[in-house]
Structures are given as C-alpha cells and as structure tokens.
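Here is how the chains run, residue by residue.
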Amino acid sequence: MVAPSLKLQDLIEEIRGAKTQAQEREVIQKECAHIRASFRDGDPVHRHRQLAKLLYVHMLGYPAHFGQMECLKLIASSRFTDKRVGYLGAMLLLDERHDAHLLITNSIKNDLSQGIQPVQGLALCTLSTMGSAEMCRDLAPEVEKLLLQPSPYVRKKAILTAVHMIRKVPELSSVFLPPCVHLLHERHHGILLGTITLITELCERSPAALRHFRKVVPQLVQILRTLVTTGYSTEHSISGVSDPFLQVGGHSSKTMTNTSPLSSTQVATNTDTSRNAGNAVLFETVLTIMDIRSAAGLRVLAVNILGRFLLNSDRNIRYVALTSLLRLVQSDHSAVQRHRPTVVDCLQETDASLSRRALELSLALVNSSNVRAMMQELQAFLESCPPDLRADCASGILLAAERFAPTKRWHIDTILHVLTTAGTHVRDDAVANLTQLIGGAQELHAYSVRRLYNALAEDISQQPLVQVAAWCIGEYGDLLLEGNCEEIEPLQVDEEEVLALLEKVLQSHMSLPATRGYALTALMKLSTRLQGDNNRIRQVVSIYRSCLDVELQQRAVEYDTLFRKYDHMRAAILEKMPLVERDGPQADEEAKESKAAAQLLEAAPAPTEPQASQLLDLLDLLDGASGDAQHPPPLDPSPGGALVYLLDLPCAPPPPAPIPDLKVFEREGVQLNLSFIRPPENPALLLITATATNSSEGDVTDFICQAAVPKSLQLQLQAPSGNTVPARGGLPITQLFRILNPNKAPVRLKLRLTYNHFHQSVQEIFEVNNLPVESWQ
Amino acid sequence: MIQAILVFNNHGKPRLVRFYQRFPEEIQQQIVRETFHLVLKRDDNICNFLEGGSLIGGSDYKLIYRHYATLYFVFCVDSSESELGILDLIQVFVETLDKCFENVCELDLIFHMDKVHYILQEVVMGGMVLETNMNEIVAQIEAQNRLEKSEVSKQLCSSPGWVEKTWAEAGVCTCVGLCCCETSGNDTHLLSSLSPLKLMDLKVNQP
C-alpha cells in the first residue's frame, strides 16, 4: 500500500525544520521523488495535494516541470478542488513555449460554457494570464457570450479576459467592440472598471474604435459626475473615478473640451485629499487636464495643484508630484518655473528616489535667467549626493552650463568645480570641451592656467582634471610663471615646481596612460616656454624612451629626437596651438566625431591618438624621408604647407557623408526643416535638429513642437531654443531630437505643432514617413 | 499593467511569487533576489517608489512596495498605472488577507500559499486590477472555500467504511456537505448566501 502522502502543511513544516540549505534540498528532493511516483501511479484522490506541494516547491526555486501534465488532468476533473489547484498550476507552470498549453484549450472551453460560476471564473483567470494567440482565437466566442451573462462576477472577469485577448490578437477588437457601449450602462463598479480598461485598450489599438467611442463620451462624463456628486467611499474611488480619467485623458474629442473642464474643476475642488485615494484622483485629474487641450486657466490650476503637493509632508505625494511636473515641464515651462524653489529644496532629500527626480526636474528647469542660482544649488548638491547620481548630476551641470553660461569665466569656473568635485564621473568629452573653451578665451588664459595649477597641486587623482591642467600648463606655462594675473592672488611659481608637478603626474600610479601622454607633451612644450635650461626635461624624456607603454615610448623617442637632431625646428613645432573650430553647443557627440578629422590636423592631444599615428605613417611614405628609421616630427605641425598636404590624404575615418535635410512642413510662410546627423561612433543614434523659420509678415509665438515615434524606437526631446520666431526671417527656433534606433527600423515621426500666427492659433499634426534612408540604415 | 507581484520576508525568502509576464524560472528567482536587495536598502520613512531593477523590463517600470511587519509586498508596474492607486491596492490586498485569515501574519502566508494565490486572483487578473471592493472579494473566497469543503465531505461520506471517521473528523463540515448535496444543482444559492447554515436546519436534512 502506498505510504500516505504528506499534506501541504506538513511538507512546509519539514522544509522549515531544515537547518541548512543542503538539508532543505534533501527534504525537497525526497518529496519530489514521492510526488513523481504518485503522478506515475495516477492516483486521482491525492493528485491535487501533490500538485499543491509541487507549486510550493516551485516558488522556492526548485524545478517543477514534471507537474505540467498533472495540471491538465486536474483541470479535466469534475471536482472544484482539483480544478482550483490545476488552474493555479497551469498559470504558474505552463506558458506559450510549452506545447502542452494548447491541450487545456478544450477543458477551458468546457468549463466556460458549462461550469458553475467559480469554475468559469477560474477558467477566465487562467486564460487571461497565460492564454496564447491560438487559444484566444479559439475561445473568443465563449468569452463573448460570457460578457452578456447576468452575473457580475463572471462578466467582469470576462471583460478583462477580453482585454488580454485583444492584446494578443488585435483582430479580435471587432468582436469585442459592440458589447462595450452596453456594458457602460452597468452600475457595478467592477464591471465599469473592466469596461473602461477594455475601451482604453480598444482605442489605443485603432482609430476607428476611437471614433466609435467619442459618442459615448458624454456618458462617461455622466458616470464621473454621479460618482463625484454622490460622494464615494474609498473602495470605489480608485476604480470608479481614476479610470474614467485615464480613459478620457488619453483620447479626448472636441466635445470633451466643453464638458470636461467643468467636471475637472469640480473634482479638483471637491476631492478630499486627506486620504491617499483622494490624492490619487487629483493626480489623475491633473494629468488629464494636461493631456487634453484645456484652457490656459485650467492648466495653471493643474500646475498649482502639483505645486501644492510638492509641499506635502508625505514623501510619496512629493515623488508623484515631481514625476508629473517632469512630464509637464516641456509644454508648460513657465508655469513650472514658479515652483522652482520648492523643487530645489527637494534636492536636499535623503531619499534617493526623490532626489533623483528632483535632480532631473531641476536640470530641466535651468534657463538663462536663473542659471547662476541654479548652478550654485546643483553644485552644492553634487558635493553631497550619493555616488549613483553623481554622473547624471555632473553631466547635467556641464550641459546646462554650456547652454546658458553667462560669461566664459563663469563657464570655466563651473567646469573646473565639477571636475574637482566629481572628476571621475564626468563624460569623456568634458576634457575636449574644456580645452577648447579655454583655448578660445584668450583673455582668460592666465586665469585658467593659474587655477588649474592650483587645483592640480592639491590633487592629482582626478584624471579629467589632470589632463586639462597638464595641457594648460603646457600651453600657457609662460603665463603661469609671469605671476601677475590680476584675478587671483599673485603667487610666485617656480619653474622647478612646475616641472616637479608634471613629473609627479607622470610617475603617479593613478595616472592613466592618456594622462601620462598629456603630461609628457606638456613637459615638451615647456621646454620652449621656460627660460631655464632643458636638462631636466631632456632627462625625463629620455627615461621614457624605454617605457613599456608603446604610445609613451613613441612620443618620448620623437621628443628626444626633437632635442637632438631637429632642435632648430623645436620652437616652431611647439608653438601655441591654433583654436580648434567647433559647432554650436547642441550635439556634443556630433561635434566631437565630425571634428575627429579636424582635430587630427590641429593636433589636439589625446582622444585621437591612434589616428595620429596612422597619419604619421602616411606622412612617412609621402615624405620619402624614410632613409633613417626615425619618425618624422610629431603632433604639432606648423600651420601652412603641411596642413594643405594632409587635407589631400584619405586619412583616418572620413567624416560621414552628410544626410540631406528634409522640409516637412510649410504653411503661410512658416517652415519646419529637419536636418540629420548620425555620429559614426554610435550607429544606433540619430540626431535630428528641427528648425522652424518664418518668412511671413507676422510673428509666430508660443511655438511648441512635439514628436512621437513608433514603439521600437526611443525618442528624447531637448528643450527648444525658444518659442518665438520673429517675422521676415527672424531668428529661427531649433530643437534637438535624439532617436535611439538599435534595430535599424525605418524611422517614422509624427509631429504636432501648435503656435499662434496672425492672431490665430494653429495646430498641425502630421506624419513624416519619407525620412532619407541613410538616417536609419 | 502590473508585471509582477512579489511578497518576501525580511530575509528575502519568497512567500508569494506571481508573474504576469513570462520569464524562465532562473530569471524569476533572480528577479526576486534583486528586488529584495533593492528594497532592503530603503529606510522606513522614505517614499515607497523605486525605479526598477534592470531585469524586470527596464526604464518604464517602477517598483511600488510596502513594508508590513516582517513582509515586503512589492508590485512591479509600468507607467500606465497610477502610483498612488497601486499603493492603495496593496493596502486593499493586505486588508483582504486580514479578513480572510483573522489577523493575518507571516505564518498564514507560509502555510496557506495556495489560498493566498486564490485571494490574489480575485484582486488582480492577467496583470490588470479586477476588483477593489474588499467585501466582494471576501464573499467570493468564502463561497469557493465552502464549495471545496462540501466536495471533500461528499467524497469522504460517499465511500463506505469511512462514515464513523467522517463524523469524528469533519464535524460540522459534514453536515454542511450533506445539505449541499440536496441543493448542489442550484448555483446561485451557494454563491449568494453569505451566512453559514445554522445547526438547527442541519438536523432536519440529515438522512
């Protein structure tokens, strides 16, 4: 006789009694062996108990696949107990990938049509959790029948199952569309909740459904009104009220704009915010107001509600408020600005989620008028923030500084501060940006080099800082030694000190190879800038001739040769660098990459090292001066003849072929053009600059451009340069879109423009399908 | 849409694991562990929202959690759900558990894992919120439990030689079962009746 099997509770007791992981595993394996034997023997009485035990073991992480067929048998049994466990097992163990799942289709069909209500409920639940496309197609008629059953319990489950089916098999939308209107007349909240989800799903899938449901919008508003005015209990307030909002907000019609402001304000003023449910409702109201095109007054009300929430003591409310404001900041920038002080206070939160949201929002709120104050706050935050936020904060500050810097000196100061505080977390191109910036600000050379020297003297561990400092000292060493910069206290710096510092950088184990390269080149440049003799420098250089790092070795050998054989050329070669040309502040990546070729020629040190050495090899061939194995003079070609020569070479990566611009919109003199850039270093990224120009006689004001892309792409919109285009060819508005397209799917854009022109408000929505092939292939 | 519902204790042992999107088993366990580590780091007085881990779907998903005594209830949702609404939903779920189990504690969840699943099925179905009214949920569960008990006793008393044992073990259940045998054909009776049958009625129906 078979030993009586353990009840579920007893098994759990045993597992809990196990003192170690190994013991637990033993107990479970023994029990699984029993279960397997029992399944083999086909014992119908205790099958449900065995499966329940198996499901428990599955939750703990042990394999349970041998129970799949047993689920089928249990579902087919006539007892409710068996069916319950069987369906649960099906939901937890079976899925589309196993062929066995189709076998339960028949059982489900029988249960749906003939079972008692709990059984129907179970079947629907299972279908909505793991129903595959084939199953959904087969069982759609049964579910449709159940939608019209009198019992609310089964109907609400049937409705949600219908939602799942539509998700799996969109063609079924036509089947489930007709009953929806009828279902809206129900009073039962569970049914209403489900119906609204179903309608939302239908509307999202097809515009035809959307048109169909526009007619029922008044009814929805009616439901909303009754819920609001009769006063609702907490049980229903989430389901009843929030969901009409969600639905309404997403798919508004023209009729809504008349009726909804009334209901929205009603809800906004009547909702009891002392309970969490009330707050949830208010949030949804706010989001609805923002989604549909409400009057300006209503939008301000919405933003003010959010502002009030920001002051709430409950952290959850503040978090949701920050999230919502972030969504609104693009469209209602000025309204959100009013709450800037509160947002900045939220930066001080100890809560990581909150401070991250506050950081994102603060960065979005920076504009040219508040940039100094905001930067101060953000820099203070940078010093104290948790490490995972540092990178975002640093890059955010740098970006904002670039766009809104009032003066160059301020800009340099800011970047310097960021480098000293969070140097290890900045992006790679920060170094290039800073060197270019300093190079361009002639009047600030002395100031910059002093500050960098001081910073370097204190701390040589932050690599970006060290790199920039080394470069500066190399370039402007003479200014450093003059010692009479009026903006900082005069400090007498000795030549020997400078050289010692650079040597320290060279020898430090914290320095990256790139940093060492910077330092070595800087030393070399100093050989022409300093008055003293160059013995020390020559010594250092000759030491590195036998360095293990190939890059450094090559440089050292070249520099050494420069001292020995080509000393007459040394001064000319090591002159001050000409300014590196650069595009505007927008797309840093595109500037960096398209200038990689240009940078070669102008010999900025670092990021282009490998290309530089390729270039030298080419020069070697062409000069024909390869008699001796010496490398020709390196990186700092004097401007002039050599430059022109180099331009003829098909040297390292050629800049990518420019993609033609595309004009996408024109109306009464207002035009929108798209220009495309694809940085070669990141083929999945597409940068689109949308430029709005105005050749008409009237100004364009309140210009807002919004974009949407298909789901396989990711879109990021940056804030536009402004929202007014003056008439007659005034300064255009530019806005940058970043699109990530890892699957190389064809890019389609849907654009929505709203603006005021000739005292009329214009809204245009159109799709752009004819983007050039090079933008996404 | 709700992607997953996880309940684990302060040491990370899973007490309820329900995924509404398909993941292979190892990934499921990994998600539970990762979520536990994320949630454990949080203090008690900071907000209940976490940006999700990398495994569960990425940037669109949030973890909304609540800490009750020794258990963490974690709902992983996407951006279409209202965050505050989900917080309330967790509260409703726990209160329902409380009603069904009488002062529910972790042990109840441990030993009655299947029942907790059944209760959850009445609240969330297929990743969508089904019902938030506690009374309705509890009524449903009680009706289903009664159905199950009646079947157990039906089975017990239908096999001969078990009758004496039946009376000793099952007690009132048997009586209820016998009554229901008479009325089992009528579905609505079982579901709509909320009060258990009184003992007086039972005497009348015994054979």
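Residues numbered from 1 in each chain as written. Chains lettered and ligands numbered in written order. Predicted model: local features only at pLDDT ≥ 70, side-chain atom pairs only at ≥ 80, totals over all residues. Heavy atoms only, no water.

Going by an unreviewed UniProt entry, chain B carries the name Actin related protein 2/3 complex inhibitor and comes from Macaca nemestrina. Annotation of chain B in UniProt includes, under Sequence similarities (unreviewed entry), the sentence "Belongs to the adaptor complexes small subunit family." (UniProt positions renumbered as here; feature names shortened; annotations may be inferred.)

Per an unreviewed UniProt entry, the recorded name for chain A is AP-1 complex subunit gamma, and the organism is Macaca nemestrina. In UniProt, chain A has this text filed under Sequence similarities (unreviewed entry): "Belongs to the adaptor complexes large subunit family."

Across its full length, chain A holds 35 helices and 8 strands. Among the 777 residues that make up chain A, the fraction classed as buried is 54%. Across chain A, contacts joining residues at least 24 apart in sequence account for 66% of those joining residues at least 6 apart. (Helix = DSSP H or I, 4+ residues; strand = E, 2+ residues; numbered from the N terminus. Buried < 20%, exposed > 50% of the residue type's maximum accessible area, 1.4 Å probe, protein only. Contact = heavy atoms within 4.5 Å.)

Our next topic: the interface of chain A and chain B. Taken residue by residue, the interface counts 68 residues in chain A and 60 residues in chain B. In total, chain A and chain B occlude about 5,800 Å² of area from one another, counting both sides; carbon and sulfur atoms represent 57% of this. Broken down residue by residue, the surface that chain A buries against chain B is led by Met59(A), Arg84(A) and Asn316(A), which jointly contribute 13%. The tally of links between chain A and chain B comes to 5 salt bridges. A salt bridge links Glu122(B) to Lys157(A); its shortest N-O distance comes to 3.4 Å. Where chain A touches chain B, the interface holds 11 residue pairs in polar contact (both at pLDDT 80 or more). (Buried area = accessible area lost by both parts, 1.4 Å probe. Salt bridge = Lys/Arg side-chain N within 4 Å of Asp/Glu carboxyl O. Polar contact = N/O pair within 3.5 Å; in protein donor to acceptor, adjacent residues only side chain to side chain.)

A few words now on the confidence of the model for chain A. Residue and element names in this part refer to chain A. Averaged over chain A, the pLDDT score is 75; the fraction of residues at 70 or greater is 76%. No element of chain A has a lower mean pLDDT than helix 33 (residues 588-602), which averages 39, and none a higher one than helix 2 (residues 21-41), which averages 89. The model gives residues 230-259 a pLDDT under 50, and that stretch makes 66 contacts with residues more than four places away or in other chains. Below pLDDT 50 for its whole length, residues 583-653 participates in 85 contacts with residues either more than four positions away or in separate chains. (pLDDT = per-residue confidence, 0-100.)

As a further point, take the packing of helix 28 (residues 495-507) of chain A against helix 30 (residues 535-543) of chain A. Residue and element names in this part refer to chain A. Closest axis-to-axis distance for the helix 28/helix 30 pair is 11 Å, and the angle between their directions is 10 degrees. Between helix 28 and helix 30, the angle falls in the class roughly parallel. From helix 28, Glu496, Leu499, Ala500, Glu503 and Leu506 reach across to helix 30, where they touch Arg536, Ile537 and Val540. Grouping the amino acids of the contact of helix 28 with helix 30 by side-chain chemistry returns 5 nonpolar, no polar and 3 charged. (Axes fitted to C-alpha atoms, helices over the stretch in contact; angles between N-to-C directions. Parallel < 35°, antiparallel > 145°, perpendicular 65-115°, else oblique. Nonpolar A, V, L, I, M, F, W, Y, C, P; charged D, E, K, R; others polar.)

This next bit is on the side chain of Arg15(B). Here Arg15(B) shows up in strand 2 (residues 14-19). Relative accessible area serves as the criterion here: at 7%, Arg15(B) is assigned to the buried category. Side chain to side chain, Arg15(B) and Glu106(B) meet in a polar contact 2.9 Å long. Not counting residues within four places of it along the chain, the set of residues in contact with Arg15(B) comprises Arg16(A), Tyr56(A), Met59(A), Val7(B), Phe8(B), Asn9(B), Leu71(B), Glu106(B), Leu109(B), Ile110(B) and Met113(B).

Our focus in this paragraph is the sheet that holds strand 3 (residues 685-694) of chain A. Residue and element names in this part refer to chain A. Strand order across the open sheet formed by 5 strands is 1-2-3-6-5, with antiparallel pairing between neighbours. Edge positions in the sheet fall to strand 1 (662-667) and strand 5 (714-717), since each of these pairs with one other strand and no more. In this sheet, adjacent strand axes meet at a mean angle of 20 degrees when their direction is disregarded. As defined by bridge partners, strand 1 adjoins strand 2 (residues 670-677) across 5 bridges and the pair is classed as antiparallel. In the strand pairing of strand 2, Glu666 is matched with Gln671. (Pairing = 2+ DSSP bridges.)

In this section: the packing of aromatic side chains. Scanning the entire structure with this criterion turns up 9 aromatic pairs over all chains. For the pair Phe665(A) and Phe766(A), a centre-to-centre distance of 5.4 Å together with 0 degrees between the ring planes defines the contact as stacked. With a gap of 101 residues between them, Phe665(A) in strand 1 and Phe766(A) in strand 8 (residues 760-768) connect regions that are remote in the sequence. Here Phe665(A) falls in the buried class, since its relative accessible area comes to 7%. With relative accessibility at 15%, the residue Phe766(A) sits in the buried group. Members of the aromatic cluster, each reached through a chain of ring pairs, are Phe8(B), Phe36(B) and Tyr72(B). Between the NZ or CZ atom of Arg36(A) and the centre of the ring of Phe66(A), over which it lies, the distance is 4.2 Å. Its guanidinium or amino end placed over the ring of Tyr447(A), Arg409(A) lies 4.4 Å from that ring's centre, counting from NZ or CZ. (Phe/Tyr/Trp six-rings, centres within 6.5 Å; stacked < 30°, edge-to-face > 60°. Lys NZ or Arg CZ within 6 Å of the ring centre and 35° of its normal.)

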